[in-house]
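Observations on the three-dimensional arrangement
Listed here are the chains, written in short residue letters.
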Amino acid sequence: MTTTTTALPTARGTHQAAWILMTAIAPAIWGTTYIVTMRFLPEGHPLFAALMRSLPAGIIALLIARQLPRGSWWWKSLVLGTLNMAAFFPLLFISAQHLPGGVAATLGAAQPLVVAFLAVALLHERLSPWRLGWGVAGMFGVALVVLGPGAGLDLIGILAGLGGAVSMGVGVVLTKKWGRPAGVSALALAGWQLTAAGLVLLLPALLIDGVPAELDPAAFGGYLWLGLVGALLSYTIWFSGIRKLPVTSTALLGLLSPLVAAILGSALAAEALTPVQLIGFAIALAAMVAGQLVRTRPLT
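Please read all numbers here as calculations on a predicted model, not as lab measurements.

Section: the overall build of the protein chain
When helices and strands are tallied, the protein chain shows 15 helices and two strands. Across the 300 residues that make up the protein chain, the buried fraction comes to 50%. Excluding contacts between residues fewer than 6 apart, the proportion of contacts in the protein chain whose partners are at least 24 apart in sequence is 91%. Summed over all atoms, the accessible surface of the protein chain reaches about 13900 Å², with 72% contributed by carbon and sulfur.

Okay, here's the thing in structure tokens:
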């Protein structure tokens with residue numbers, strides 16, 4: 001008895017590979033968030049940063065797409081926008097501010113594991129030991145890349161990091177479950193969610209954080225990058241990919257985010273990656289690739 005691991009048939013496999021590569025652009029872009037936040041944005045304003053990342057981008061998307069939600073999609077957009085953005089963005093910023101980047105990134109890498117179990121509960125999919133195992137391997141690989149000997153732990157940061165992984169994990173699975181209305185573009189879907197997230201964040205951001213006292217050109221540039229590229233472009237790509245790809249394998253592509261963040265951090269610090277980090281890279285990349293493959297049942 002043998003077990004094989006294969007890709008899909010050639011024509012379909014090529015089409016799916018193209019979708020995988022395109023979808024991977026989104027988490028690669030998200031990998032720039034930590035560097036932009038730490039280097040360009042004012043400190044201590046996670047809610048305001050989340051607001052600036054969501055509401056302007058959402059309004060721009062609505063103006064371009066010229067499509068508004070109908071029927072149940074009003075409340076679905078609110079739920080998805082809250083999970084994918086309004087809750088996730090502030091938790092991401094809080095985690096980054098309370099923990100070393102490596103610890104925050106490792107917690108975020110738990111998202112594929114969250115998605116794997118939620119897909120069973122919400123999508124009634126069979127639990128895939130293959131993708132679950134590679135999810136664990138991917139998280140371990142990311143840990144080797146980003147965790148340093150001086151990595152500290154902070155309860156608020158840990159809870160925020162895990163909360164962010166769960167929030168977006170639920171959002172990803174519900175996005176797959178609810179799909180997209182016929183005739184509605186991925187840009188419009190992203191616009192609905194980003195706008196909903198911005199409206200949810202508007203009062204908390206202004207009342208709790210307020211507008212930062214000093215907003216220099218670098219800060220405006222950072223907000224512009226996170227909004228237009230890190231939200232509008234990336235989520236349009238991400239939602240397109242979720243519709244075409246298995247949800248658990250799509251979530252594994254999220255491992256690219258901490259890897260890109262580590263590469264950028266190393267490049268800006270002019271430091272070469274260590275052998276242990278290179279091994280971690282290899283493990284995480286192997287997990288992403290293996291998670292896209294179809295594992296066939298045993299042959300007798």
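After that view of the structure, there is still more to cover.
Description of the packing of aromatic side chains
Taken as a whole and assessed by the stated rule, the structure comprises eight aromatic pairs. Considering the side-chain rings of Trp30 and Tyr235, the 5.1 Å spacing of their centres and the 45° angle between planes classify their relative orientation as tilted. Taken as a pair, Trp30 in helix α2 (residues 25-30) and Tyr235 in helix α12 (residues 217-244) lie far apart in primary sequence, 205 residues in all. As far as burial versus exposure is concerned, Trp30 and Tyr235 are alike and both buried. Plain terms: the ring middles of Tyr235 and Phe239 are 5.6 Å apart, the flat faces sit at 40° to each other, and that makes the pair tilted. With a gap of four residues between them, Tyr235 and Phe239 both fall in helix α12, about one helical turn apart. In this pair, the class of Tyr235 matches that of Phe239, namely buried. Feature note: the residues Trp30, Phe88, Phe89, Tyr235, Trp238 and Phe239 constitute an aromatic cluster, connected by ring pairs.

Quick look at helix α14 (residues 256-268)
The end-to-end C-alpha separation of α14 is 18 Å, in line with the 18 Å expected for 13 residues at 1.5 Å each. Considered for burial, the residues of α14 that qualify are Leu256, Ser257, Pro258, Leu259, Val260, Ala261, Ala262 and Ser266.

Some remarks on the side chain of Thr37
In this fold, Thr37 is placed in helix α3 (residues 33-40). By relative accessible area, which is 7% here, Thr37 ends up buried. Here the side chain of Thr37 touches Thr33 through a polar contact of 2.7 Å, landing on its backbone oxygen.

Section: the nonpolar core
In terms of nonpolar packing, the biggest core is built from 50 residues, with Met85, Phe89, Met168, Tyr235, Trp238 and Phe239 touching the most fellow members. When residues of this core are assigned to their parent elements, the largest contribution, 10 residues, is made by α12. Those residues in contact with Phe89 that sit more than four places away from it in its chain are Ala50, Arg53, Ser54, Asn84 and Tyr235. Grouped together as the second largest cluster of nonpolar side chains are 18 residues, Phe281, Ala284, Ala287 and Met288 included.

A short note on the environment of Ala188
Along the chain, Ala188 turns up in helix α11 (residues 186-209). Once the C-alpha coordinates of Ala188 and Ile64 are considered, the two residues, 124 residues apart in sequence, prove to be 8.2 Å apart. If sequence neighbours within four positions are ignored, Ala188 has contacts with Ala65 and Gln67.

Some remarks on the packing of α3 against helix α6 (residues 88-98)
Put simply, α3 and α6 touch, their axes get as near as 11 Å, and they point 65° apart. Compared by their axis directions, α3 and α6 come out roughly perpendicular. The handedness of the crossing between α3 and α6 comes out as right-handed. On α6, the residues that touch Thr33, Tyr34, Thr37 and Met38 of α3 are Leu92, Phe93, Ala96 and Gln97.

Conventions used here
Residues numbered from 1 in each chain as written. Predicted model: local features only at pLDDT ≥ 70, side-chain atom pairs only at ≥ 80, totals over all residues. Heavy atoms only, no water. Helix = DSSP H or I, 4+ residues; strand = E, 2+ residues; numbered from the N terminus. Buried < 20%, exposed > 50% of the residue type's maximum accessible area, 1.4 Å probe, protein only. Contact = heavy atoms within 4.5 Å. Areas by Shrake-Rupley, 256 points an atom, 1.4 Å probe, with all protein chains shown as cover. Phe/Tyr/Trp six-rings, centres within 6.5 Å; stacked < 30°, edge-to-face > 60°. Expected span 1.5 Å × (residues − 1). Polar contact = N/O pair within 3.5 Å; in protein donor to acceptor, adjacent residues only side chain to side chain. Core = buried A, V, L, I, M, F, W, Y, C linked by side-chain atoms within 4.5 Å. Axes fitted to C-alpha atoms, helices over the stretch in contact; angles between N-to-C directions. Parallel < 35°, antiparallel > 145°, perpendicular 65-115°, else oblique. Left-handed = near helix turned anticlockwise from the far one by under 90°.

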